[in-house]
Amino acid sequence: MAISSDPQAIANAEKIILPGVGAFDHAMRKLREGQLLAAIERRVLRDGAPLLGLCLGAQLLTKESEEGKERGLGWVDAITVRFDPSKAVERLAIPHMGWSDVRTARAHPLLATEEIEPRFYFAHSYHIRCNDPELTIGTARHGYEFAAAIASANVAGVQFHPEKSHVFGLRLLRNFSEMASERDTVISA
Amino acid sequence: MKRIRVIPVLLLKNGDLVKTVRFEDPTYIGDPINAVRIFNDKRVDELILLDIGVKSGGERSEDRLLSEIASEAFMPVAFGGGIDNLSQVEKILKLGVEKIVINSAAAENTDLISVIARQFGSQSVVISIDVRRKRLGSYRVFTSNGKKDTGSDPVAYAKRMADAGAGEILLTSIAHEGTGCGYDLKVIRAVADAVSVPIIANGGASSVADFVAAVGTGHASAVAASSMFVFQGRHRAVLISFPDDALLKQELYSIAN
């Protein structure tokens, strides 16, 4: 495993994790600078390498975000919206900060676990809203139910931080590392 | 199920783990890395580390300590102590720490909060507000380890910080800190009701019942404690502990679900 922003390294990567902290526009601009995005696209869209977006990295997979003006990658039929306090029954603190249980919405190898109540660490003011309900594989609740994990063919994203979620997150990262490259089911973007 | 964060606050001084009472008399407790390891094994929600030995703008020597802690901790870590400029923030976040805690510098330079929030996101900025009650019952914000009276009212001050881009507020009652006499619920509630960002109650907890009061009565989003997790019994023997998940579920999470 390596942490890299080198297009050459990404061109040879078996699997790719797209992390992300900070603002949507800043991250999209960084990706579009240089050859980075082109390298990721070749690997993921052409070769079918599995990609996992984390937090903002998951939001970047959507078409657009209420946080910014830049176009998203648009690899999944979803958009990113700000938490809407008017949809919540209780008073909603924003950002959503802390641990929430993630409920499986659709069985997927990424969320496989023996834990009874898998919980993950969240820190976000925006969340993904799927136009295609089939995309959502896991949900969490903050005022209302939202998509905490999405997947479409070889591309997946989680709104939480598995790298900061104790054994629950380690298991998810292991699940991802065991996902096979799927040349037959590459997302069409 | 909604979970309420229970956050140990660890105080550092010259690389040692220490504990104070009402911000005074730091007592040596042990090795911070060891403590982080134990809290990690206990699957705590989050950790807040505050270096109380660094003055604003002073030299810091904990880079190695922080990167070691960040690589040990499979949970979010927040770090603060004398942070007053963007390059420090960038350096500390690069070490693998999730959140920066800012106290004194926020009072002097509120723009710094906005700049950090824009660049790294609000979720990475925790504003620490230390409060003390004046004789006539009103509250004031103090900075510089509780030594400097800013003259500001905590509610107005917290609003200003939230507007500037603070992602959450760590609200500490100086008079309660280290005493185990319970949180100062009045000020916690006043601040929590005035801002939409999460409030972390701190100072005075000695039991899960105190956590329940901070959330139920004080409207805090999360609770922090220190002595409760590092001392044991009447003679304050050093022993790191953390309430187990079943107890928190039964007593604390139940009030939010």
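Just so it is clear, the structure is predicted and the values come from calculations on it, not from any experiment.

A. The packing of helix H6 (residues 154-164) of chain B against helix H7 (residues 185-194) of chain B, seen in detail. Residues and elements named next belong to chain B. Where H6 contacts H7, the two axes come as close as 9 Å, and the packing angle between them is 35 degrees. Crossing geometry of H6 relative to H7 is assigned as right-handed. In this structure, H6 contributes Pro154, Val155, Ala158 and Lys159 to the contact, and H7 contributes Val187, Ala190, Val191 and Ala194. Here the residues of the contact of H6 with H7 are counted per class, giving 7 nonpolar, no polar and 1 charged.

B. Main features of the nonpolar core. Residues Ile150 of chain A together with Leu47, Ile100, Ile169, Ile188, Ile200 and Val223 of chain B are the most contacted members of the largest nonpolar core, which totals 135 residues. When sequence neighbours within four positions are dropped, the list of residues in contact with valine 223 of chain B reads Ile4, Val6, Ile7, Ile200, Ala201, Ala205, Phe211, Ala214 and Val215 of chain B.

C. Representation of unusual backbone geometry in the model. Along the chain, isoleucine 94 of chain A connects to proline 95 of chain A via a cis peptide bond; the corresponding omega equals 5 degrees. Note on placement: proline 95 of chain A falls in the loop between strand E3 (78-82) and strand E4 (96-101). Within the chain, arginine 22 of chain B stands out as a residue other than glycine whose phi angle is a positive 50 degrees. Take arginine 22 of chain B: it is sitting in the loop between strand E2 (16-21) and strand E3 (24-30). Judged by local crowding, arginine 22 of chain B falls into the partly exposed class, with 15 C-beta atoms found within 10 Å. Of note in this structure, phenylalanine 23 of chain B is not a glycine but carries a positive phi near 70 degrees. Along the chain, the position of phenylalanine 23 of chain B falls in the loop between E2 and E3. Using a count of 20 C-beta atoms within 10 Å as the deciding quantity, one classes phenylalanine 23 of chain B as buried.

D. Here's a closer look at H7 of chain B. Where H7 of chain B is concerned, the buried positions are Leu185, Val187, Ile188, Val191 and Ala192 of chain B. When H7 of chain B is viewed along its axis, its buried side chains cluster within an angular range of 165 degrees and face the same direction.

E. Layout of helix H3 (residues 36-46) of chain A. Residues and elements named next belong to chain A. When we look at burial in H3, the residues that qualify are Ala39, Ile40, Arg43 and Val44. Taken end-on, H3 shows its buried residues confined to a sector of 110 degrees, consistent with a single buried face. At its buried positions, H3 is contacted by helix H1 (7-11), strand E1 (16-18), strand E2 (51-54) and strand E10 (155-158). Positive backbone phi, approximately 75 degrees, marks glycine 48, located one or two places after H3.

Rules used in this analysis
Position numbers for residues count from 1 along each chain, tracking the sequence in the order it is written. By the order in which they are written, chains take letters starting at A while ligands take numbers starting at 1. pLDDT decides what is reported in this predicted model: residues at 70 or higher carry local features, side-chain atom pairs at 80 or more are listed and counted, and totals for whole chains, interfaces and linings draw on all residues regardless. The angle between two axes is taken between their N-to-C directions and runs from 0 to 180 degrees, where each axis is a line fitted to C-alpha atoms and a helix contributes only its stretch in contact. Under the DSSP-based scheme used, a helix requires at least four consecutive residues in state H or I and a strand at least two consecutive residues in state E, with every element numbered from the N terminus. Crossings are classed by handedness, with left-handed meaning an anticlockwise turn of the near helix from the far one by less than a right angle and right-handed meaning a clockwise turn. Note that contacts rest on C-beta atoms placed from the backbone: two residues are in contact if these are within 7 Å. Under the scheme applied here, ten amino acids are nonpolar (Ala, Val, Leu, Ile, Met, Phe, Trp, Tyr, Cys and Pro), four are charged (Asp, Glu, Lys and Arg), and all others, including Gly, are polar. The term nonpolar core refers to a set of buried Ala, Val, Leu, Ile, Met, Phe, Trp, Tyr and Cys residues connected through C-beta atoms within 7 Å. Counting other C-beta atoms within 10 Å of a residue's C-beta gives its exposure: the residue is buried at 20 or more, exposed at 12 or fewer, and partly exposed in between, where C-beta atoms are placed from the backbone. As used here, the arc is the angular range of directions from the helix axis to the C-beta atoms.

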